[in-house]
Amino acid sequence: MKRKITGIFIVIAIVATIVLAVRHCGDSSNTGTAGIDALPRPDLIRTAQPRFRDFTETRIWFGIVRSRDKAKIIALENGRIVSINAGDGIPVSRGDLIFTIGGPLIDSRREVLKNQADTLSELIPPAEQMVKIKRDALSRRLAKFEELAAAEDSLARLQSELEAIRQETERLREAIHLRAPVAGVFTNRKVSSGQEVRNGDGLAEIISQNHIYIEATLFPRSGDAELKKKPAVINLSGGNFIQGNIITVLPRRTATGATVVWIEGDELAPVLRPGQIVTGTVLLSAHEKALALPPDAIVRDDEERAYVFLKDSSGYRRKSVRTGNLSDGWVEIISGLKEGDEVVVRGAYELFFRDFNKIYKVARSEEHTSELQSHSFISYAVFCLKKKKQIKK
């Protein structure tokens, strides 16, 4: 019995509340003090004229410095890496000593050549003396011409062998002291000190800095301008930068959908080195003195169409606009506004309720959202709007 009485009281309370709310909505619509025309509250609305600002459209890229010219350093003898005289990633000049090869095999070869040279050096003086004796004897008719020719041939053979040994010794000396064939950056080292190598093994590379470029990867958006010949900024340490240009756009994209471009320029070689990882931006477009509004002024519908609210003598009206780039807290307005228009820059969210039959997405800060949603009258206004529409129907 008590539950039944309690339920009756609850129903009566709900009906009474609804009746009072409907009467209040009706009174408000008749007097015009709290109806649609009175929303939103004046203290929540602020207007301003569009400003002129410069906008640049950029895309971030990341890449690696590469070179078109590189030289391989190859082992010319079997042996052991005795020393490495260049640091990884460090520029070297042409002719700088890079590797020294030694070990038992090299020592043995050098010892054999030295012994051969010493032996030949000892045999040559007697051969020279013999040639002198034969010439003297031939002049006295004490020896035949054939004897002199044989002595000269023996001397020439000994001298030729000694010269060959000396050349082989010099070749071995150069082969075990590997030098930079070109100026560039020492990189891609494949061996360490003490490691055994064989003739023909690749030891490292020297990449020329005269013809370097950046292989850059970026993610352009649909509708972006042609990338070729666009200026590119290369970021350096300390907030510095250098500039280049996109020279080549590779036709195929990567597996992740990125576009690969080559950036070149005269400023690259003196600062960058092959193998270096770099980042930067590509400048796609630049718009000077374009009309701009703060993001809070832009309202978007469920199809992402952009609108603003203009203030004129009759109140507030909605106007379609075309937006562009976003920079430093300002939105570029490409079309739909003109200089001198009075635009709602605060309170566009409240004006949204005047056309509540559509759903909008409003570009606005989280701080502003919290402030506006803290006003309880919004929910009440929505109820009144719905009720008024039903009455009109």
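Everything quoted here is computed from the prediction, not taken from an experiment.

**What about the sheet that holds strand β4 (residues 79–84)?**
Read from one edge of the open sheet, four strands run β7-β6-β4-β9, paired in antiparallel fashion. Only two strands of the sheet have a single partner each, and these edge strands are β7 (177–179) and β9 (196–197). Where β4 and strand β6 (residues 97–102) come together, four bridges link them in antiparallel fashion. The residue of β6 that forms the bridge with S83 is T100. In this fold helix α3 (residues 145–176) packs onto β6 and β7, with an angle of close to 60 degrees to the strand it touches most, β7.

**So, the side chain of E264**
Its location among the elements puts E264 in strand β14 (residues 259–264). In terms of polar contacts, E264 uses its side chain to reach the side chain of R68, at 2.6 Å.

**Notes on the nonpolar core**
Counting 31 residues, the largest nonpolar core has I73, I98, F99, I101, F186 and L203 as the members making the most contacts within it. Among the elements that line this core, the one with the most residues is α3, at eight residues. Discounting chain neighbours no more than four positions away, the residues touching I98 are I73, S83, I84, N85, A86, V92, L178, R179, A180 and F186. Of all hydrophobic cores here, the second largest spans 18 residues; its members include L218, L227, I263 and L272.

**Let's talk about the pattern of salt bridges**
One pass over the full model with this rule turns up 19 salt bridges. E77 is paired through a salt bridge with R171; the nearest N and O atoms lie 2.5 Å apart. Of this pair, E77 sits in the loop between β3 (70–74) and β4 while R171 is found in helix α3, placing the two residues 94 residues apart along the sequence. R171 gets classed as partly exposed once you look at its relative accessible area, which sits at 34%. For R317, the salt bridge goes to D312, with nearest N and O atoms at 2.9 Å.

**Quick look at the sheet that holds strand β5 (residues 91–92)**
Strand order in the open sheet formed by four strands is β3-β10-β8-β5, with antiparallel pairing between adjacent strands. Of all strands in the sheet, those bounded by a partner on one side alone are β3 and β5. Taken together, the five bridges between β3 and strand β10 (residues 202–207) define a ladder with antiparallel strand orientation. Paired with I73 across the bridge in β10 is A204.

**A word on the packing of aromatic side chains**
All told, the structure shown has two aromatic pairs when counted by the stated rule. When the centroid spacing of 4.7 Å and the interplanar angle of 40 degrees are considered together, the rings of Y213 and W262 count as tilted. Residue Y213 is found in strand β11 (residues 212–218), and its partner W262 is found in strand β14; the two are separated by 49 residues along the sequence. We note R68 situated over the ring of Y213; from NZ or CZ to the ring centre the distance is 5.0 Å.

**Things to note about helix α2 (residues 104–139)**
In a regular helix each residue adds 1.5 Å, so 36 residues correspond to 52 Å; α2 covers 53 Å between its end C-alpha atoms and thus fits that length. Listed as buried for α2 are I106, L113, A117, L120, I124, A127, V131 and A137. Positive backbone phi, approximately 65 degrees, marks R141, located one or two places after α2.

**Things to note about the packing of α2 against α3**
To characterise two packed helices, one gives the angle between the axes of the helices and the distance between these axes. At a minimum axis distance of 8 Å, the contact between α2 and α3 shows a crossing angle of 160 degrees. Compared by their axis directions, α2 and α3 come out roughly antiparallel. The hand of the α2/α3 crossing is left-handed. Class assignment for the residues of the contact of α2 with α3 results in 19 nonpolar, four polar and eleven charged.

**Some remarks on the environment of L326**
If you trace the backbone, L326 turns up in strand β19 (residues 322–327). Judged by its relative accessible area of 60%, L326 is exposed. Measuring from C-alpha to C-alpha, the distance between L326 and A292 comes to 9.2 Å, with 34 residues separating the pair along the chain. Setting aside residues up to four positions removed in sequence, L326 forms contacts with P295 and V331.

**Looking at the pairing of strand β2 (residues 51–67)**
Relative to strand β15 (residues 277–293), β2 runs antiparallel, the two being bridged by 13 bridges. Its bridge partner lying in β15, I64 is registered against I277. Alignment of β2 against β11, held across seven bridges, turns out to be antiparallel. Residue R66 lies in a different strand from β11, and its bridge partner there is Y213.

Conventions adopted
Residues numbered from 1 in each chain as written. Predicted model: local features only at pLDDT ≥ 70, side-chain atom pairs only at ≥ 80, totals over all residues. Heavy atoms only, no water. Pairing = 2+ DSSP bridges. Helix = DSSP H or I, 4+ residues; strand = E, 2+ residues; numbered from the N terminus. Contact = heavy atoms within 4.5 Å. Axes fitted to C-alpha atoms, helices over the stretch in contact; angles between N-to-C directions. Polar contact = N/O pair within 3.5 Å; in protein donor to acceptor, adjacent residues only side chain to side chain. Core = buried A, V, L, I, M, F, W, Y, C linked by side-chain atoms within 4.5 Å. Buried < 20%, exposed > 50% of the residue type's maximum accessible area, 1.4 Å probe, protein only. Salt bridge = Lys/Arg side-chain N within 4 Å of Asp/Glu carboxyl O. Phe/Tyr/Trp six-rings, centres within 6.5 Å; stacked < 30°, edge-to-face > 60°. Lys NZ or Arg CZ within 6 Å of the ring centre and 35° of its normal. Expected span 1.5 Å × (residues − 1). Parallel < 35°, antiparallel > 145°, perpendicular 65-115°, else oblique. Left-handed = near helix turned anticlockwise from the far one by under 90°. Nonpolar A, V, L, I, M, F, W, Y, C, P; charged D, E, K, R; others polar.

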